[in-house]
Amino acid sequence: MAEFDREPLENGDDNSIEDEKPSYQPASFEKRAAAWMGVAYVLMILGIMWFALFFPGRDLPGVFPLFLVPVCTALLVVVIRRLRLGTAYGGIAGGVVAAAVCAAGIAFGLLLGVPALIAAFTR
């Protein structure tokens, strides 16, 4: 009866003790923004494949600038968050410049890519 009262390690049986796992720590904001950017790219590539399936023999010339939009959007969101927290690289001035460049990239991508995409569907 005494052998059943002992702790598992005294028996030499350490299989009954669970391994200690580190506590759950969610991904950082930057990693989550990058993950959403990846989802956007997957959807864009899927759209290109569907276009090739439904419109065989047709091209999508001039739509490459649209691939600039997800990365600029993700970077803009991260920069704005860092500006709010006060941890932007280069301080407030560097954050504002980075946000302006990201906004310009989004505008550039949309202004060049959307008309080409519309033209590809109207041919």
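Details of the structure are given in the entry above.
So, a few notes on the structure that sits alongside this text. (Residues numbered from 1 in each chain as written. Predicted model: local features only at pLDDT ≥ 70, side-chain atom pairs only at ≥ 80, totals over all residues. Heavy atoms only, no water.)

Examining the packing of helix H3 (residues 29-54) against helix H4 (residues 68-85)
Now for step 1: Between H3 and H4, the shortest axis-to-axis distance is 9 Å and the interhelical angle comes to 160 degrees. Relative to H4, the element H3 is oriented roughly antiparallel. Seen along the crossing, H3 lies across H4 with a hand that is right-handed. The residues of H4 that touch H3, namely those facing Phe29, Glu30, Ala33, Met37, Ala40, Tyr41 and Met44, are Pro70, Val71, Ala74, Val77, Val78, Arg81 and Arg82. (Axes fitted to C-alpha atoms, helices over the stretch in contact; angles between N-to-C directions. Helix = DSSP H or I, 4+ residues; strand = E, 2+ residues; numbered from the N terminus. Parallel < 35°, antiparallel > 145°, perpendicular 65-115°, else oblique. Left-handed = near helix turned anticlockwise from the far one by under 90°. Contact = heavy atoms within 4.5 Å.)

Things to note about H4
Now for step 1: The end-to-end C-alpha separation of H4 is 26 Å, in line with the 26 Å expected for 18 residues at 1.5 Å each.
Now for step 2: If you check which residues of H4 are buried, you get Val69, Pro70, Cys72, Ala74, Leu76, Val78, Val79 and Arg82.
Now for step 3: Downstream of H4 by a residue or two, Gly86 has a phi angle that is positive, lying close to 80 degrees. (Expected span 1.5 Å × (residues − 1). Buried < 20%, exposed > 50% of the residue type's maximum accessible area, 1.4 Å probe, protein only.)

Section: the packing of H4 against helix H5 (residues 91-122)
Now for step 1: At their nearest, the axes of H4 and H5 sit 9 Å apart, and the two run at 155 degrees to each other. For the element pair H4 / H5, the angle class is roughly antiparallel. Of the two possible hands of crossing, H4 and H5 adopt the one that is left-handed. The residues of H5 that touch H4, namely those facing Leu68, Val69, Cys72, Thr73, Leu75, Leu76, Val79 and Leu83, are Gly91, Ile92, Gly95, Val96, Ala98, Ala99, Cys102, Gly105, Ile106, Phe108, Gly109 and Leu110.
Now for step 2: Here the residues of the contact of H4 with H5 are counted per class, giving 15 nonpolar, 5 polar and no charged. (Nonpolar A, V, L, I, M, F, W, Y, C, P; charged D, E, K, R; others polar.)

Keep in mind these values describe shape, not function.
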